[in-house]
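# Topology and contacts: notes
Now for the letters of each chain:
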Amino acid sequence: MNGSDTGEQLVKNEETALATAEPTSNGSAVLELRDVSCAYEATRPAVEDISFSVQQGEILCLLGPSGCGKTTILRAIAGFERVTTGTITLSGRLVSSRDTLVPTEQRHIGMVFQEYALFPHLRVDKNIAFGLNHLSRPQQRAIVGDLLALTGLRGLEHRYPHELSGGQQQRVALARALALRPVLLLLDEPFSNLDPDMASRMRQDLHALLRQTKTTAILVTHDHDEAFSMADHVAVLNRGRLEQFDTPEAIYHLPTTPFVADFVGQADFVSGVVDNHVVTTELGDFPNTQKLATGTKVVVMIRPDDIHIVPTKGANARIVARQFKGSENVYTIRLASGQIVHSSESSLSIYQAGTAIALRVVATHTVLFPQSPESPAEPESHDGNASIP
Ligand code: ADP
Ligand code: MG
């Protein structure tokens, strides 16, 4: 699927756009990980049983909280880390297994990290041309010229790294990685040292640049907005394991675990019980999309954009607080049972705390998680805001 047309497709044909991605498919996979585990300590794997593939020209985002194993996976792909189980195949060639470690320099991988690692004593053009010594001077000049234009660095080619802004240094690092025409470009949180405005601009520029150069890339981030805006596919990681591999739209609307639901956006989880074709909850009935047996206890995931406030005298839900976010107001609401849910309303809809309200829930997709004793539907706490009954 092409990232630039997914939004349109979602409107036209939700079913197709939200079709669950195959975690591993063949086709023209540039990279394939199969059951990969890596360990820094013999007894405890840092990442475990990771399988996914990346197709030619695709952008994959590895998304997850700090310490979940994103960098470890990149390092294994680059050949800096051995795998303890599983295999990594690059352009059809086995490069990593328990007994195989093809050296980094034979993998034709480009890398850009959070710290740009430019050569401080070399001008911009020389930094970009650094790996091109095997080419003639005119060939080098042509490549550097193209990349200066593509990365918006024209006019800065004679500056030294310390004479550039953070965003410009990051562009040089990108240009230097792309100059070698890597089969795969790895980017580890490349925008985390930039201020939010610059990071947002760099994201757009990087996306355009990767598309223009048809570069296959893996971008590591802990920021779901960044993953959604950049990726064709997102791999969500938690504690060294792959929780879900899917399109950004499916990750947001059809999360398969409570952790993913919570990590990629604000979510509330409302208890319910299956009664034949519906799930009955305090917020009304939802379709029994998973055809669970009558009597099964579930939680229904609801996003703030699915809940609408209807001021109603005598209603027994109450506004608790309003958080103004510029383009929207996010309301904290207490239901009659005491359960807290959230509603995002337009920036101009202002209700005072204590106002009695009814709620209208318009969820395009009903996401249910069965509640079972061995798998409590409680994601671990992090910067998301889920509230679980
Ligand atoms: P992320 O990039 O998602 O923040 P990492 O891949 O850096 O996560 O780390 C995954 C896990 O491996 C963490 O528990 C981390 O503490 C551990 N780890 C990372 N690097 C090393 C190392 N060099 N030695 C020992 N443990 C490490
Ligand atoms: Mg990391």
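For clarity, every value in this text was computed on a predicted model and none was experimentally measured.

Parameters at a glance
- Residues numbered from 1 in each chain as written.
- Chains lettered and ligands numbered in written order.
- Predicted model: local features only at pLDDT ≥ 70, side-chain atom pairs only at ≥ 80, totals over all residues.
- Heavy atoms only, no water.
- pLDDT = per-residue confidence, 0-100.
- Contact = heavy atoms within 4.5 Å.
- Pairing = 2+ DSSP bridges.
- Helix = DSSP H or I, 4+ residues; strand = E, 2+ residues; numbered from the N terminus.
- Axes fitted to C-alpha atoms, helices over the stretch in contact; angles between N-to-C directions.
- Salt bridge = Lys/Arg side-chain N within 4 Å of Asp/Glu carboxyl O.
- Buried < 20%, exposed > 50% of the residue type's maximum accessible area, 1.4 Å probe, protein only.
- Parallel < 35°, antiparallel > 145°, perpendicular 65-115°, else oblique.
- Left-handed = near helix turned anticlockwise from the far one by under 90°.
- Nonpolar A, V, L, I, M, F, W, Y, C, P; charged D, E, K, R; others polar.
- Near = heavy atom within 4 Å.
- Polar contact = N/O pair within 3.5 Å; in protein donor to acceptor, adjacent residues only side chain to side chain.

## What about the confidence of the model for the protein?
Within the protein, residue pLDDT values average 88, and 88% of them lie at 70 or more. Low pLDDT (under 50) marks residues 1-25, which in the prediction has 47 contacts with non-local residues, meaning those over four places away or in another chain.

## Regarding the sheet that holds strand β9 (residues 217-221)
Strands in a sheet are paired, the pairing made by backbone hydrogen bonds, and the direction either parallel or antiparallel. Ordered in space as β7-β8-β9-β3-β10-β11, the 6 strands form an open sheet in which the pairing is mixed. Unpaired on one side and paired on the other, β7 (109-112) and β11 (241-246) mark the two borders of the sheet. Each neighbouring strand pair of the sheet contributes to a mean axis angle of 20°, computed without reference to strand direction. Sheet analysis places strand β8 (residues 184-188) next to β9, joined by 4 bridges and oriented parallel. From the neighbouring strand, L187 faces β9, where its bridge partner is L219. Together, β3 (59-63), β7, β8, β9 and β10 (233-238) form the strand contacts of helix α3 (residues 70-78), whose direction differs from that of β8 by roughly 150°. In this fold helix α7 (residues 196-212) packs onto β3, β8 and β9, with an angle of close to 140° to the strand it touches most, β3.

## Re the pattern of salt bridges
Enumeration according to the criterion identifies 9 salt bridges in this entry. The salt bridge partner of E32 is R34, with a shortest N-O separation of 3.1 Å. R34 gets classed as partly exposed once you look at its relative accessible area, which sits at 43%. Of the charged contacts in the structure, one is a salt bridge between R203 and E226, with a shortest N-O distance of 3.1 Å. Placement of the pair is R203 in helix α7 and E226 in helix α8 (residues 224-230), with a sequence separation of 23 residues. The class of R203 is buried, set by a relative accessible area of 16%. The exposure class assigned to E226 is buried, which follows from its relative accessible area of 5%.

## Quick word on unusual backbone geometry
Phi at H108 is positive, roughly 55°, even though this residue is not glycine. Inspection of the secondary structure puts H108 in the loop between β6 (100-101) and β7. Phi is positive for K214, which is not a glycine, with a value near 50°. Mapped onto the elements of the fold, K214 is located in the loop between α7 and β9. Take K214: its relative accessible area is 62%, and that puts it in the exposed class.

## What to know about the packing of helix α6 (residues 166-179) against α7
α7 packs onto α6 with a crossing angle of 20° between their chain directions and a minimal axis gap of 11 Å. Comparing their axes, α7 and α6 come out roughly parallel. Handedness of the crossing formed by α6 with α7: right-handed. Here α6 contributes G167, Q170, R171, L174 and L178 to the contact with α7, which in turn contributes M198, M202, D205, L206 and L209. Taken together, the residues of the contact of α6 with α7 break down into 6 nonpolar, 2 polar and 2 charged.

## Some thoughts on the sheet that holds strand β4 (residues 85-90)
Reading across from one edge, β2-β1-β4-β5-β6 is the order of the 5 strands in this open sheet, with antiparallel pairing throughout. For this open sheet the edge positions go to β2 (44-55) and β6, each flanked by a neighbour on one side alone. Judged from the 2 bridges that link them, strand β5 (residues 93-97) and β6 form a sheet pairing that is antiparallel. Each residue of the ladder has a partner; that of S96, found in β6, is L101. The strands that α3 touches are β1 (29-41), β2, β4 and β5; relative to β1, the one it contacts most, it runs at about 115°.

## Some thoughts on the site of ligand 1
Taken together, Y40, A46, P65, S66, G67, C68, G69, K70, T71 and T72 form the complete shell of residues around ligand 1. The contact in question runs from an oxygen atom of ligand 1 to an N or O atom on the backbone of G67, over 2.7 Å. T72 places a side-chain nitrogen or oxygen 2.5 Å from an oxygen atom of ligand 1. Considering each element in turn, the shell around ligand 1 owes the most residues, 3 residues, to α3. In terms of residue class, the shell around ligand 1 is built from 4 nonpolar, 5 polar and 1 charged.

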